[in-house]
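Summary of structural features
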Amino acid sequence: MSDITKLIRTIPNYPKDGIMFRDITTLLKDPKGFQTTINMLVEKYKNTDIDYIAGIEARGFILGAALAYALNKGFIPVRKKGKLPGKTITQSYDLEYGSDTIEIHEDSFASGSKILLIDDLIATGGTAIGAITLIEKAGGTIVETAFVVDLPELGGAKKIQNLGHKVFCLCS
Ligand code: 5GP
């Protein structure tokens, strides 16, 4: 397995003082790094029974769309509030400071559809748990959640596992 962590850079004090932001744009712009990232996810999920890949705005779109294409699955965007044109189902979730709202089209998938949820990074897990709640509210079944980066000290992956869902991360 190639070491993609070397291609992820850390930007100190972004978006706030004291935060070490893990920036995956340096991974995405590296052809081999991007391809390796998607290939590792394809290897992991090529034999899994999945109907759709759902990606969380915005970096989850980049990874999720590439993975959906490679696995020949449909892609569902989990968007920030106010961006989708059709009727939506919404879910609010807590962030470290404040809250946010995400939504999907209410007719995104048939009830009982098997969904793989993907985002670039899991920190506190607030965003991913919001997306899991939203997808379940819409009648979907979460097959697994996948991330490129886990920040284990923030406990998000544990929280998702404690809810009974599987978590797969390429690096931490
Ligand atoms: P959480 O809700 O788990 O605390 O934060 C994860 C969400 O915030 C993800 O959607 C992720 O894209 C974004 N995020 C938080 N911290 C970072 C970071 O250091 N790097 C990147 N690339 N995204 C982050």
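Attention in this report is confined to the structure presented alongside it. (Residues numbered from 1 in each chain as written. Predicted model: local features only at pLDDT ≥ 70, side-chain atom pairs only at ≥ 80, totals over all residues. Heavy atoms only, no water.)

**Let's talk about the overall build of the chain**
- Summing up its helical and strand segments, the chain has five helices and nine strands in all.
- Going residue by residue from the N terminus, the α and β elements of the chain occur as β-β-α-α-β-α-β-β-β-β-α-β-α-β.
- The C-alpha atoms of the chain give 15 Å as radius of gyration, which agrees with the globular expectation for 172 residues (16 Å, within 12%).
- C-alpha atoms of the chain, sized along the principal axes, occupy 40 × 40 × 30 Å.
- Counting over 172 residues, the chain shows a buried share of 43%.
- When contacts within the chain are restricted to residue pairs at least 6 apart in sequence, long-range pairs at least 24 apart make up 57% of them.
- Looking at the chain as shown, the accessible area adds up to about 9,000 Å², and 50% of this sits on carbon and sulfur atoms.
- The chain carries 20 positive and 20 negative side-chain charges, and their two centres are separated by 2 Å. (Helix = DSSP H or I, 4+ residues; strand = E, 2+ residues; numbered from the N terminus. Rg over C-alpha atoms; globule rule 2.2 N^0.38 Å. Buried < 20%, exposed > 50% of the residue type's maximum accessible area, 1.4 Å probe, protein only. Contact = heavy atoms within 4.5 Å. Areas by Shrake-Rupley, 256 points an atom, 1.4 Å probe, with all protein chains shown as cover. Lys, Arg positive; Asp, Glu negative; His and termini not counted. Charge placed at Lys NZ, Arg CZ, Asp CG, Glu CD.)

**Here's the deal with the sheet that holds strand β5 (residues 88-94)**
- Reading across from one edge, β5-β6-β4-β3-β7-β8-β9 is the order of the seven strands in this open sheet, with mixed pairing throughout. Edge strands, defined here as strands with exactly one partner in the open sheet, are β5 and β9 (167-171). With direction set aside, neighbouring strand axes in the sheet form an average angle of 25°.
- Relative to strand β6 (residues 99-105), β5 is paired through seven bridges, and the arrangement is antiparallel. (Pairing = 2+ DSSP bridges. Axes fitted to C-alpha atoms, helices over the stretch in contact; angles between N-to-C directions.)

**Structural notes on helix α4 (residues 126-137)**
- Spanning twelve residues, α4 covers 16 Å between terminal C-alpha atoms, matching the ideal 16 Å at 1.5 Å per step.
- Every buried residue of α4 is listed here: Gly126, Ala128, Gly130, Ala131, Ile132, Leu134 and Ile135.
- Positive phi shows up at glycine 139, right after α4, with a value of about 95°. (Expected span 1.5 Å × (residues − 1).)

**Examining the pattern of salt bridges**
- Under the criterion given, the structure shown has eight salt bridges.
- Note that aspartate 23 and arginine 9 form a salt bridge whose closest N and O atoms lie 2.7 Å from each other. Residue aspartate 23 is found in strand β2 (residues 20-23), and its partner arginine 9 is found in strand β1 (residues 9-12); the two are separated by 14 residues along the sequence.
- Residue lysine 46 pairs with glutamate 43 through a salt bridge whose shortest N-O separation is 2.9 Å.
- The exposure class assigned to lysine 46 is partly exposed, which follows from its relative accessible area of 45%.
- Here the residues in one salt-bridge network are Asp49, Asp51 and Lys114, joined through shared partners. (Salt bridge = Lys/Arg side-chain N within 4 Å of Asp/Glu carboxyl O.)

**Some points on the site of the ligand**
- The full set close to the ligand counts 13 residues, and Arg22, Asp119, Asp120, Thr124 and Thr127 are the nearest of them.
- A distance of 2.7 Å separates a nitrogen atom of the ligand from a polar backbone atom of arginine 22.
- With respect to the ligand, the side chain of threonine 127 contributes an N or O atom lying 2.6 Å from an oxygen atom.
- When the free accessible area of the ligand is taken as 500 Å², the share hidden by the protein chains comes to 84%.
- Listed by contribution, the elements that provide at least two residues to the shell around the ligand are β2, β7 (114-122) and α4.
- For the shell around the ligand, the element with the most residues is β7, which contributes four residues.
- Partitioned by chemical class, the residues of the shell around the ligand number five nonpolar, four polar and four charged. (Near = heavy atom within 4 Å. Polar contact = N/O pair within 3.5 Å; in protein donor to acceptor, adjacent residues only side chain to side chain. Nonpolar A, V, L, I, M, F, W, Y, C, P; charged D, E, K, R; others polar.)

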